[in-house]
Amino acid sequence: MTVIPRFAASAAAEDIAQALQTVGCVIIENLAPVELVDQILAEMAPYIDATPYGSEDFTGRTTKRTGALLARSRASVDLVAHPLILDITQKILGPHADTFQLHLTQIINIGPGGQAQGLHRDQWCFNMFPFPADMDVEVSTIWALDNFTEENGATRVIPNSLNDPPTAIEDNHRTVGATMPKGSVVIYTGRTIHGGGANQSTQIRRGLNVDYILGWLRQEENQYLSCPPEIARTLPEHVQKLAGYSLGSYALGYQDDIRDPFAVLNGYEAGSSFGGLDTAIPIVNK
Ligand SMILES: O=C(O)CCC(=O)C(=O)O
Ligand SMILES: [Fe+2]
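Residues numbered from 1 in each chain as written. Chains lettered and ligands numbered in written order. Predicted model: local features only at pLDDT ≥ 70, side-chain atom pairs only at ≥ 80, totals over all residues.

> An account of the environment of asparagine 152 is requested, with residue identities and associated values reported.
In this structure, asparagine 152 sits in the loop between strand 5 (138-144) and strand 6 (156-157). Residues asparagine 152 and leucine 214, 62 residues apart in the sequence, show an inter-C-alpha distance of 32 Å. Those residues within four positions of asparagine 152 in sequence are excluded, and the remaining contacts are Asp146, Asn199, Ser201, Gln203 and Arg205. (Helix = DSSP H or I, 4+ residues; strand = E, 2+ residues; numbered from the N terminus. Contact = placed C-beta atoms within 7 Å.)

> An account of the sheet that holds strand 7 (residues 176-177) is needed here, citing residue identities and associated values.
If you walk across this open sheet you meet the three strands as 7-6-9, and the pairing is antiparallel. Single-partner strands in this sheet number two, and they are strand 7 and strand 9 (194-195). With two bridges connecting them, strand 6 and strand 7 associate as antiparallel partners. Each bridged residue has a counterpart across the sheet, and for arginine 156 the counterpart in strand 7 is glycine 177. (Pairing = 2+ DSSP bridges.)

> A description of the domain arrangement of the protein should follow, citing residues and the corresponding values.
When its domains are assigned, the protein resolves into domain 1 (6-214) and domain 2 (226-279). Computed from C-alpha coordinates alone, the two centres of domain 1 and domain 2 are separated by 27 Å. Taken together, the contact between domain 1 and domain 2 spans eleven residues of the former and 13 residues of the latter. Secondary-structure elements contributing two or more residues to the side of domain 1 that touches domain 2 are helix 3 (69-72) and strand 4 (100-110). By residue class, the composition of the side of domain 1 that touches domain 2 is seven nonpolar, three polar and one charged. (Domains from an automatic or database assignment. Nonpolar A, V, L, I, M, F, W, Y, C, P; charged D, E, K, R; others polar.)

> Lay out the site of ligand 1 with the relevant residues and their values.
Taken together, the neighbourhood of ligand 1 is formed by Ile108, Gln117, Asp122, Ile142, Thr155, His194, Gly195, Gly196, Gly207 and Asn209. A class-by-class count of the residues in the shell around ligand 1 yields two nonpolar, seven polar and one charged. (Near = placed C-beta within 6 Å.)

Below is the structure:
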């Protein structure tokens, strides 16, 4: 298959996860209301204005990357912790860890004239570690905050590239644009070869990148600094856990005298020991 499988917002998580596992990428159309997208853009506008352009080609010299969504945009919580996305992510990452967690939140605005980003795998952030060939450690999403088109720099993805050799990053001819209406989302895994598209339009292409990783890996965006405790405390509890205020496994991420960070954050007594995973699991259906 050389197209990105497409689903309606009403599709079952199981069907979407199966396509994601097989082809490595899927699009869910019109999953977020346009009004919600506009609210996120309004809440993030001052931070985007203040964000500098990238300083090298990979981050993009006409591209702005603005993060800390959980702390800066309350509306973004509905996308960062979208139940359908979390459900799909659990199906992909669940077999490899007790929990999964947020990896990064980032609005990616590719300005007019922006070059195509070099094709890559997102899991290469882990020092290019050679994870087992069929193991997914990361699920990545890009929400279209504008209509994504071939012209304005829709994310480019190589379907069926999960197990391709690294040299497949040269295969620009195999890429497919994740064209989709505003409010849609393209999902791919850490093994899927992809990159931001060239923006040949006169408008900025705005997307929201939210990635998730296994609970025992290091987060790309440091959530404890980007979304510090005084702000995290005001978020819904399952979002606190997703952000990383939870145990990543039996003994991962505890505070001082082996206390569960979720309990400490909220002033709870319970769960303050190793193995407090029952209070710490950010995973739906569990
Ligand atoms: O902006 C995009 O469409 C993709 C960005 C991306 O893949 C990345 O920065 O890792
Ligand atoms: Fe990427």
